[in-house]
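So you can see what is in the structure, the chains are spelled out below.
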Amino acid sequence: MYFRALGTFEVSHEGRILTPTAPKQRSVLALLAMHRGGLVPISSLIEEIWPSDPPASAVTTLQTYVYQLRRVLAEALGESNDMLVTKPLGYVANIAADDIDVHRFDRLVESGKKELAAGNAQQASELLHQANGLWSGKVLCDVHRGPLLEAHAARLNEAGLRALVMQAEADLQIGRHHELVGELRGLVTKHPWHEGLYAKLIVALYRCERRSQALEVYHEVRRGLADELGIDPSPNLRQLYQAVLGDAPWLRFDTAPKTAVVTRSAPVAPAQLPADLADFRGREDELAELDRFLTPDGASPRVLTVTGMPGVGKTALALHAAHAARARFPDAQLYAHLGAGAGRPVATAEVLRGFLRDLGAAPEELPSAQDELARMFRTRVSRMTGLLFIDDARTADQIRPLLPGGPHWTVLITGRRLTGSLPGSHDLVVEPLRTEDGIALLAGVIGGPAALQERPAVADLVERCGGLPIALRALGERLAVNRHWPVRKLALRAADHGGLLAELQEADLDLRGYLHAGFDDLSPYDRGALIALGRAGVERFDTARAAEVLGVDARACEDTLDRLAAAHLLHAAPRREPDGLQYVLHPLLRAVLAPARPRTVRRPPHILPVRRSNVTAHPTAAAALYTRNVA
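Treat the numbers as computed from the prediction; the structure is a model and nothing was measured. (Residues numbered from 1 in each chain as written. Predicted model: local features only at pLDDT ≥ 70, side-chain atom pairs only at ≥ 80, totals over all residues. Heavy atoms only, no water.)

**Focus: the overall build of the protein chain**
- When helices and strands are tallied, the protein chain shows 27 helices and 14 strands.
- In the protein chain, which comprises 631 residues, the proportion classed as buried is 49%.
- Taking contacts inside the protein chain between residues at least 6 apart in sequence as the whole, the part at least 24 apart equals 69%. (Helix = DSSP H or I, 4+ residues; strand = E, 2+ residues; numbered from the N terminus. Buried < 20%, exposed > 50% of the residue type's maximum accessible area, 1.4 Å probe, protein only. Contact = heavy atoms within 4.5 Å.)

Right, here's the structure in full:
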């Protein structure tokens, strides 16, 4: 029997889920499991279930709950099981230490801490990755928590945060700074006042030769702390800033202790997939297609590209499917973020070096040339059954050197669109969420019954956002922060383009800047055409209407529309008439491209933007028009 508490509370035995559905029974079982082997007094259980006003029948009702729990456990373990034992003053849950993920987490973290203190960074990294891999969401996220469970949850959440910081330190010591940048940016977004995480991000950026970005992170932290809390950064963070300014030798990776870079004596299979979203919702059809694809057939490597418009949730979808299928890839699950949207993509040779180190190669074994690295990589993985996840790719040239040659590999690639060809690859185009899936997503982010009670207002927000997950998550976080707001208040505030963009800005999503990156690789003419169509305020149009707006002939207009559709910035839908297509401009693209209206919006201070674009204006007139209306 196994108890999971680091996320959704779940009890399973031989593949069967045994968790009671009654909320108060779940609370009783969760509290007993969290105190495994120790006495939980009856008074504590009553306080947990009825914290403010317990009924006169509280003891009798509690006994009924325990009796029902015993029946569930007896059906799975047999009548003779003594997992729940009655004592004079309470109950004891006889659960083995390794049968609950909380204990395994604590044990792995403690071992990782000792290895890190002893200078064994590689072993520490592996142990801490295992520990943090046990988490699948917030502690006991689906259990009603009274004062005792709330205290346990607070303790574990804090321990989880400390484990992430230790893991980042261990990974920095073994040279994983390239992979850490993306992971740490996500963590500081979730924990905006944790200076330890920012310190690790600054060091990782510095070691990636992105010194200016490292300094920028410090200044953003300093401004955020001053504006929001009225305090300065800690002395440690200020000293780190001075070290980056002075190019201190100890910051460089090559000055780390030699014990931090070692060849594995007993290689551990890399499991590098970033964390899955605990509140992922919908996409049943796409997940079914991905699941079929993520089943190795042993005949040849399989390559799938997942593409779509900016913000449509390509990476979240692919990661969710990859996590569900990871048991099928026991030898390796490799991950690389190529950073196509970051202005300066990660060098393919650096990705290969990282993969080879993670697969057990010593640094002195690694050749310098990219072609030699690619050959060495293919040789090492030829007999493995593995998954390669390539995120945020732009061109086929980036990907080809990374492709393993063995027949038991599956390659999953995400990107806005992929230029060039990968022979034998399949493409899955991700569309915006359907209304029902969008409602489920918003409900998951908001939490509580608000989404169900105000379903029409939630549906209105989903439609205004055109089912785009990045915008729905931002609005959901806006409501989660302002819990006193009814959903209809946000719907009214976002009733027009300007209001919607302002609310997203308040939620720290600069939609203009984010979608800006989606126009980055368009030609100046296509960019100007997209702007003109957006300014025309037409949601749906055919080639004739678009040619009228653009002032060009039908053939040239059709070519432009096809290029924009291939870039996933227009949606091409068949019409009943056999003479052409109808094109649809996404509502949020129309909002961004619409003529700007004067509007005073207070921009709240933020620590790190979720996404950042680094685009310089093109000198042509079309690019100037684009910058004036979109940036």
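**A word on the nonpolar core**
- Ranked by internal contacts, the top residues of the largest apolar core, which has 79 residues, are Leu412 and Phe541.
- In this structure Leu412 touches Leu290, Leu294, Leu304, Val306, Ala318, Ala322, Leu387, Leu388, Phe389 and Ile390, once residues within four positions along its chain are discounted.
- In terms of nonpolar packing, the next biggest core, distinct from the first, is built from 53 residues, Val11, Leu31, Val40 and Ile46 among them. (Core = buried A, V, L, I, M, F, W, Y, C linked by side-chain atoms within 4.5 Å.)

**Details of unusual backbone geometry**
- Of note, the phi angle at Leu140 is positive, near 45°, even though the residue is not glycine.
- Within the fold, Leu140 resides in the loop between α5 (121-133) and α6 (147-173).
- Even without being glycine, His568 reaches a positive phi, approximately 65°.
- If you trace the backbone, His568 turns up in the loop between α25 (554-566) and β13 (571-574).

**Quick look at the packing of aromatic side chains**
- According to the stated counting rule, one finds five aromatic pairs in the structure shown.
- A cation sits over an aromatic face here: Arg302 above Phe293, 5.0 Å from the ring centre. (Phe/Tyr/Trp six-rings, centres within 6.5 Å; stacked < 30°, edge-to-face > 60°. Lys NZ or Arg CZ within 6 Å of the ring centre and 35° of its normal.)

**Focus: the sheet that holds strand β3 (residues 16-17)**
- Ordered in space as β1-β2-β3, the three strands form an open sheet in which the pairing is antiparallel. The two strands at the open ends of the sheet, each matched to only one other strand, are β1 (2-4) and β3. (Pairing = 2+ DSSP bridges.)

**Section: the sheet that holds strand β11 (residues 426-429)**
- Taken together, five strands build an open sheet; the order of strands is β8-β9-β10-β7-β11 and the sheet is parallel. Unpaired on one side and paired on the other, β8 (332-337) and β11 mark the two borders of the sheet. Adjacent strand axes in the sheet meet at a mean angle of 15° when their direction is disregarded.
- Summarising the sheet, strand β7 (residues 302-307) and β11 pair through four bridges and their orientation is parallel. For Thr307, the partnering residue across the bridge sits in β11 and is Val429. (Axes fitted to C-alpha atoms, helices over the stretch in contact; angles between N-to-C directions.)

**As for the confidence of the model for the protein chain**
- Overall, the predicted model of the protein chain reaches an average pLDDT of 80, with 87% of residues at or above 70.
- Taken element by element, the protein chain is modelled with least confidence in helix α27 (residues 621-630), mean pLDDT 36, and with most confidence in strand β9 (residues 386-391), mean pLDDT 92.
- Ignoring residues within four places in sequence, the model shows residues 255-266, a span with pLDDT below 50, making 21 contacts including any to other chains.
- Contacts for the low-pLDDT stretch residues 598-631, under 50 throughout, to residues beyond four places or in other chains number 67 contacts. (pLDDT = per-residue confidence, 0-100.)

**As for a negative patch on the surface**
- On the surface, Asp553, Glu558, Asp559 and Asp562 cluster together to form a negatively charged patch.
- Counting through the fold element by element, Asp562 comes out in helix α25. (Patch = residues over 30% accessible without salt bridge, like charges linked within 9 Å, V, L, I, M, F, W, Y side chains within 5 Å. Areas by Shrake-Rupley, 256 points an atom, 1.4 Å probe, with all protein chains shown as cover. Salt bridge = Lys/Arg side-chain N within 4 Å of Asp/Glu carboxyl O. Lys, Arg positive; Asp, Glu negative; His and termini not counted. Charge placed at Lys NZ, Arg CZ, Asp CG, Glu CD.)

**Some thoughts on helix α8 (residues 195-207)**
- Between its terminal C-alpha atoms α8 stretches 19 Å, which fits the 18 Å expected from 13 residues at 1.5 Å a residue.
- Those residues of α8 not exposed but buried are Glu195, Leu197, Tyr198, Lys200, Leu201, Ile202, Val203, Ala204, Leu205, Tyr206 and Arg207.
- Where α8 is buried, its residues contact α6, α7 (177-190), α9 (211-229) and α10 (235-245).
- Phi for Glu209, located one or two positions after α8, is positive at around 60°. (Expected span 1.5 Å × (residues − 1).)

**Quick look at the layout of surface pockets**
- The calculated volume of the second largest pocket comes to roughly 580 Å³.
- Per-element tally for the lining of the second largest pocket: the top contributor is helix α26 (residues 587-593), with three residues.
- Among the residues making up the lining of the second largest pocket, the classes are represented as 12 nonpolar, seven polar and nine charged. (1 Å grid on protein atoms, 1.4 Å probe; cavity = no way out; pocket = protein on both sides within 12 Å on 5 of 7 lines; lining within 4 Å. Points joined across faces, edges and corners; volume = space filled by probe spheres on them. Nonpolar A, V, L, I, M, F, W, Y, C, P; charged D, E, K, R; others polar.)

**Some points on the pairing of strand β14 (residues 581-584)**
- By the bridge criterion, two bridges tie strand β12 (residues 540-541) to β14 in an arrangement that is antiparallel. Considered in β14, the bridge of Arg540 is made with Val584.
- Of the strand pairs in this sheet, β13 and β14 are connected by four bridges, and their pairing is antiparallel. Bridging across to β14, His571 finds its partner in Val584.

**A look at the side chain of Gln25**
- In this structure, Gln25 sits in helix α1 (residues 23-34).
- Reaching out from Gln25, the side chain makes a polar contact with the side chain of Gln68 at a distance of 2.5 Å.
- If we ignore the near neighbours within four places in the chain, the residues touching Gln25 are Pro20, Tyr65, Gln68 and Leu69. (Polar contact = N/O pair within 3.5 Å; in protein donor to acceptor, adjacent residues only side chain to side chain.)

**Focus on the packing of α6 against α7**
- Look at α6 against α7: their axes get within 10 Å of each other, and the N-to-C directions meet at 160°. Taken as axis vectors, α6 and α7 run roughly antiparallel relative to one another. Regarding α6 and α7, the two cross each other, and that crossing is left-handed. Contact residues: Leu164, Gln167, Ala168, Asp171 and Leu172 in α6; His177, Leu180, Glu183, Leu184 and Leu187 in α7.
- Looking at the contact of α6 with α7, its residues break down into six nonpolar, two polar and two charged. (Parallel < 35°, antiparallel > 145°, perpendicular 65-115°, else oblique. Left-handed = near helix turned anticlockwise from the far one by under 90°.)

**Focus: helix α18 (residues 455-464)**
- Listed in full, the buried residues belonging to α18 are Ala457, Val458, Ala459, Leu461 and Val462.
- Once α18 finishes, Gly466 follows within two positions and takes phi at roughly 60°, a positive value.

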